[in-house]
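These are the residues of each chain, in order.
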Amino acid sequence: MNKDCTNSGCECTPNQSIKCTVNNCAHHCQDTQYCGLTEIQVGTHETNPTMVECTDCQSFKLK
Ligand code: SF4
């Protein structure tokens, strides 16, 4: 079990400031649509982001 895991066997405290629907992320609280991390990093894979699709959660970790 990854020590950074916050659900699927680990404790997950939903951070009500971080709504998220990416439930194949290891940090996602499966029963609620929230992230279990205390903070996340958001970034972009584009040089000139212009749309929501250009942004990424860089704290994502495949569970
Ligand atoms: S780390 Fe990012 S993708 Fe993963 S649950 Fe949290 S907000 Fe969602």
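Above this text sits the structure in question.
The structure reproduced in this document is the subject of the present report. Quick caveat: nothing in here was measured; it's all calculated off a predicted structure.

## A few points about the sheet that holds strand E1 (residues 15-19)
The 3 strands lie next to each other as E1-E3-E2, forming an open sheet whose pairing is antiparallel. Each edge of the open sheet carries a strand with a single partner, namely E1 and strand E2 (28-29). For E2 and strand E3 (residues 34-35), the ladder comprises 2 bridges, and the chain directions are antiparallel. Residue pairing for E3: Cys29 is matched across the bridge by Tyr34.

## Some thoughts on a nonpolar patch on the surface
Together, Val22, Phe60 and Leu62 make up a nonpolar patch on the protein surface, roughly 280 Å² of accessible area in all. Structurally, the position occupied by Leu62 is in the segment after strand E5 (55-57). Of the residues examined, Leu62 reaches a relative accessible area of 60% and is grouped as exposed.

## Quick notes on the state of the cysteines
Tallied over the full model, the rule gives 1 disulfide. Across the disulfide from Cys12 sits Cys29; the S-S distance is 1.7 Å. Handedness of the Cys12-Cys29 disulfide follows from its S-S torsion of about -75 degrees: it is left-handed. With a gap of 17 residues between them, Cys12 in the segment before E1 and Cys29 in strand E2 connect regions that are remote in the sequence. Look at Cys12 and you get partly exposed, because its relative accessible area is 21%. Overall, the relative accessible area of 0% leaves Cys29 in the buried class.

## Some thoughts on the site of the ligand
What surrounds the ligand is the set Ile18, Cys20, Val22, Cys25, His27, His28, Cys35, Leu37, Ile40, Cys57, Ser59 and Phe60. Taken together, the residues of the shell around the ligand break down into 9 nonpolar, 3 polar and no charged.

## With respect to the layout of surface pockets
By volume, the largest pocket amounts to about 200 Å³. Taken together, 14 residues form the lining of the largest pocket, with Ile18, Lys19, Cys20, Ile40 and Cys57 sitting closest to its centre. Across the lining of the largest pocket, the residue classes tally to 10 nonpolar, 3 polar and 1 charged.

Rules used throughout
Residues numbered from 1 in each chain as written. Predicted model: local features only at pLDDT ≥ 70, side-chain atom pairs only at ≥ 80, totals over all residues. Heavy atoms only, no water. Pairing = 2+ DSSP bridges. Helix = DSSP H or I, 4+ residues; strand = E, 2+ residues; numbered from the N terminus. Patch = residues over 30% accessible without salt bridge, like charges linked within 9 Å, V, L, I, M, F, W, Y side chains within 5 Å. Areas by Shrake-Rupley, 256 points an atom, 1.4 Å probe, with all protein chains shown as cover. Salt bridge = Lys/Arg side-chain N within 4 Å of Asp/Glu carboxyl O. Buried < 20%, exposed > 50% of the residue type's maximum accessible area, 1.4 Å probe, protein only. Disulfide = S-S within 2.5 Å. Near = heavy atom within 4 Å. Nonpolar A, V, L, I, M, F, W, Y, C, P; charged D, E, K, R; others polar. 1 Å grid on protein atoms, 1.4 Å probe; cavity = no way out; pocket = protein on both sides within 12 Å on 5 of 7 lines; lining within 4 Å. Points joined across faces, edges and corners; volume = space filled by probe spheres on them.

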